[in-house]
Amino acid sequence: QSLPAVAPGPFSTDEPLTSFDVATGYCNFFEFGPAKDDPSQHAHALQTNPWSIEIDGLVDNPGPIAMEDLLARFPLEERIYRLRCVEAWSMVIPWNGFALADLLAHVGVKSDARYVRFEAFDDTSIMPRAAQGLLDWPYVEALRLDEATHPLTLLAAGMYGEVMPNQNGAPIRLVVPWKYGFKSIKSIKRISVLAEQPMPTWHEKAPREYGFYANVNPTVRHPRWHQATERRLHDGTRIRTEMFNGYGDLVADLYAGMDLETHY
Amino acid sequence: MTSVIRWGLWLACALPGLVLVWHWQTGQLGVVPHEVLLHRTGRFALLLLMATLGLGFVQSLLPWRPLYAARRPLGVWTFLYASAHAAVWLMLDQGGILEFAWAEMRKMLHVKLGIAGLLLMLPLAVTSVDIAPRLLGFRLWKRLHLLVWPTALVVIAHTWVVSRFQNLLVIGLTLAILFLLASRLYAARKNMKKAA
């Protein structure tokens, strides 16, 4: 289902795009099963209409926002970003979304806020394969407030000019291109603005393997594989991984003075 | 009978590989075929290794000559699929870039274990030709082929490291290998006592 015309936004790469078939056929969306083709086979069960995001915590205007209101208020832009998975594969995807900062400004963030927590949909009736206890549901991710309000950070409601396919996180998902893909939570149902650091799902499950920050970093290895290189899925080539996934000019300042070996 | 079993098994072992190549060449391996090739060749090698070991156990209970003939094709095809697995890793997963592959070999436990398993199998594959037992002497040849046990332990360790979730298959295969190894050690002990 095509979106209305989407204007080009800033920060886009001119690298060749991953094909739509690869980007929609090779997904990690554990609610629908652990295999890469599970989401494309099972995610059709996800009901995305009606949909609303509950906004709570340290905000001036808490409450639900309906998907239609979000789309009416925040025009979608095209952002062509690199996506680097913690599993050492990567894609280049044209997202259609708007800056998360715009939504946070709209709801008004209180001055003692430090973190933003995201919660995905959680409906065990449509995730039979996920009831195997792979992870604790709902899936939770979180960013520091300055990461969440960074102009690169996107809420995407589409890709390739199409309404977001279910297996890619319909109807709306996060996109944080300088972090490993698991930070970019899919099918968001709740956004909470908080003072304390929340506990993301993968970080809780395996803290040695999945850090809170999860910035793409070729020099800090995963316990079971190293992160110096990545497989580009559209042509099968293997390339060197760039610090912050190549977005260092835009985001390195956020981590000035931090030891990225410790805060991986 | 023996040659029927031997050639039948050769074909049966070759078949999944041929089907895999055919699916690969006709674009039936999904959107990232290299990964499917990597996983399937590894899985075939592991299952054939299990079959080789399992057959040894069956043989110890049922010393029927044609069974003996069945072991060689299973062992040789284990090595062939393991070699294909390594080749897919080097040429497709690592893009044939030796610098990247070398970095993985130096740093990554699963790669080290995988290469160790392949190297342990190499002398077994080389000495699987008809004249090898005569050239080496049957006793030495037989001893050399005890290398299949360290191979199995290294290969199952490799499997544990690459599995994101410890599924029932991996746990079952590990228990099976430990059982087969224990039964082999028990039999060897009994033989030694008999000899003494």
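Parameters at a glance
Residues numbered from 1 in each chain as written. Chains lettered and ligands numbered in written order. Predicted model: local features only at pLDDT ≥ 70, side-chain atom pairs only at ≥ 80, totals over all residues. Heavy atoms only, no water. Pairing = 2+ DSSP bridges. Helix = DSSP H or I, 4+ residues; strand = E, 2+ residues; numbered from the N terminus. Axes fitted to C-alpha atoms, helices over the stretch in contact; angles between N-to-C directions. Patch = residues over 30% accessible without salt bridge, like charges linked within 9 Å, V, L, I, M, F, W, Y side chains within 5 Å. Areas by Shrake-Rupley, 256 points an atom, 1.4 Å probe, with all protein chains shown as cover. Salt bridge = Lys/Arg side-chain N within 4 Å of Asp/Glu carboxyl O. UniProt positions renumbered as here; feature names shortened; annotations may be inferred. Buried < 20%, exposed > 50% of the residue type's maximum accessible area, 1.4 Å probe, protein only. Contact = heavy atoms within 4.5 Å. Buried area = accessible area lost by both parts, 1.4 Å probe. Polar contact = N/O pair within 3.5 Å; in protein donor to acceptor, adjacent residues only side chain to side chain. Parallel < 35°, antiparallel > 145°, perpendicular 65-115°, else oblique. Left-handed = near helix turned anticlockwise from the far one by under 90°. Core = buried A, V, L, I, M, F, W, Y, C linked by side-chain atoms within 4.5 Å.

A few words now on the sheet that holds strand E7 (residues 140-144) of chain A. Residue and element names in this part refer to chain A. Taken together, the five strands give an open sheet; going across it, the order is E3-E2-E11-E6-E7, and neighbouring strands pair in mixed fashion. Only two strands of the sheet have a single neighbouring strand rather than two, namely strand E3 (63-66) and E7. Taking each pair of neighbouring strands and ignoring which way they run, the sheet shows an average axis angle of 20°. Here five bridges tie strand E6 (residues 115-120) to E7, and the two strands are oriented antiparallel to one another. Its bridge partner being in E7, Arg-117 is matched across the sheet by Ala-142.

A few words on a nonpolar patch on the surface. A cluster of nonpolar side chains, namely B:Leu153, B:Trp160, B:Leu168, B:Ile171, B:Leu175 and B:Leu178, defines an oily patch on the protein surface of about 580 Å² accessible area. Here the nonpolar patch takes four residues from helix H9 (residues 168-195) of chain B, the largest share from any one element.

Another point: the UniProt feature "transmembrane region" (unreviewed entry) in chain B. Residues and elements named next belong to chain B. Within this structure's numbering, the places UniProt gives as "transmembrane region" (unreviewed entry) are residues 7-24, 44-62, 74-92, 112-132, 144-162 and 168-187. Here residues 44-62 is 95% helix and 0% strand, with 26 Å between the C-alpha atoms at its ends. The distance from the first to the last C-alpha atom of residues 112-132 is 29 Å, and the span holds 76% helix and 0% strand.

Turning to the pattern of salt bridges, a few remarks are in order. Pairs can form between side chains of opposite charge whenever their charged atoms are close. Inspection of the entire model under this criterion finds 17 salt bridges over all chains. One salt bridge connects A:Arg82 with A:Glu15, and the closest N-O pair in it is separated by 2.5 Å. A residue pair is termed long-range when its members are at least 10 positions apart, and A:Arg82 in strand E4 (residues 77-84) and A:Glu15 in the loop between strand E1 (7-8) and helix H1 (20-25) qualify at 67 residues. Here A:Glu15 falls in the partly exposed class, since its relative accessible area comes to 22%. The salt bridge partner of A:Arg231 is B:Asp93, with a shortest N-O separation of 3.3 Å.

Bringing the interface of chain B and chain A into the picture now. With 19 residues of chain B in contact, the opposing surface of chain A contributes 24 residues. With both chains or domains summed, chain B and chain A bury close to 1900 Å², and 55% of this area falls on carbon and sulfur atoms. Joining chain B to chain A, the criterion identifies four salt bridges. Notably, a salt bridge pairs B:Asp93 with A:Arg238, separated by 3.1 Å at the nearest N-O pair. Run the count over chain B and chain A and you get seven residue pairs in polar contact (both at pLDDT 80 or more).

Let us now look at the packing of helix H8 (residues 148-162) of chain B against H9(B). Residue and element names in this part refer to chain B. At a minimum axis distance of 10 Å, the contact between H8 and H9 shows a crossing angle of 165°. Put simply, H8 runs roughly antiparallel to H9. Of the two elements, H8 crosses H9, and the hand of that crossing is left-handed. Residues Trp-149, Ala-152, Leu-153, Ile-156, Thr-159 and Trp-160 of H8 touch H9, and the partners they reach there are Val-170, Ile-171, Leu-173, Thr-174, Ile-177, Leu-178, Leu-180, Leu-181 and Arg-184.

All names here are of chain B. Relative to the helices and strands, Leu-181 resides in helix H9. Since its relative accessible area comes to 18%, Leu-181 is described here as buried. Through-space distance from the C-alpha of Leu-181 to that of Ala-152 is 9.4 Å; in sequence the pair is 29 residues apart.

Turning our eyes to something else, we now look at the nonpolar core. Within soluble globular proteins, side chains that are nonpolar generally end up buried alongside one another. Core analysis: the biggest nonpolar cluster contains 82 residues, and A:Leu70, A:Trp95, A:Leu100, A:Leu103, A:Phe118, A:Leu174 and A:Trp178 have the highest contact counts within it. Those residues in contact with A:Phe118 that lie beyond four places of it in its chain are A:Leu100, A:Tyr139, A:Val140, A:Glu141, A:Ala142, A:Leu143, A:Leu174, A:Ile185, A:Ile188, A:Arg190 and A:Ile191. Formed by 41 residues, the second largest nonpolar core is a distinct cluster that contains B:Ala14, B:Leu29, B:Ala45 and B:Leu46.

Residue and element names in this part refer to chain A. When you line up the elements, Thr-241 lands in the loop between strand E13 (238-240) and helix H7 (248-251). Its relative accessible area of 6% is what places Thr-241 among the buried residues. Within polar-contact distance, the side chain of Thr-241 engages the backbone oxygen of Thr-229 at 3.5 Å. Each residue touching Thr-241, except ones within four places of it in the same chain, is listed here: Arg-84, Val-216, Pro-218, Gln-227, Ala-228, Thr-229 and Glu-230.

Residue and element names in this part refer to chain A. Positionally, Gln-47 belongs in the loop between helix H2 (38-42) and strand E2 (52-57). Taking the relative accessible area as the measure of exposure, Gln-47 reaches 60% and is therefore exposed. Taking the C-alpha atoms as reference, Gln-47 lies 41 Å from Glu-261; in sequence the two are 214 residues apart.

UniProt records the feature "domain: Ferric oxidoreductase" (unreviewed entry) at residues 41-155 of chain B, using the numbering of this structure. The annotated region residues 41-155 of chain B carries 85% helix and 0% strand content, and the separation between its end C-alpha atoms amounts to 13 Å.

Before going further, it helps to examine the pairing of strand E11 (residues 188-194) of chain A. Residue and element names in this part refer to chain A. As paired elements, E2 and E11 share four bridges and run parallel to each other. Paired with Asp-56 across the strands is Ser-192, a residue of E11. Examined bridge by bridge, E6 and E11 share six bridges and lie antiparallel to one another. The residue of E11 that forms the bridge with Phe-118 is Ile-191.

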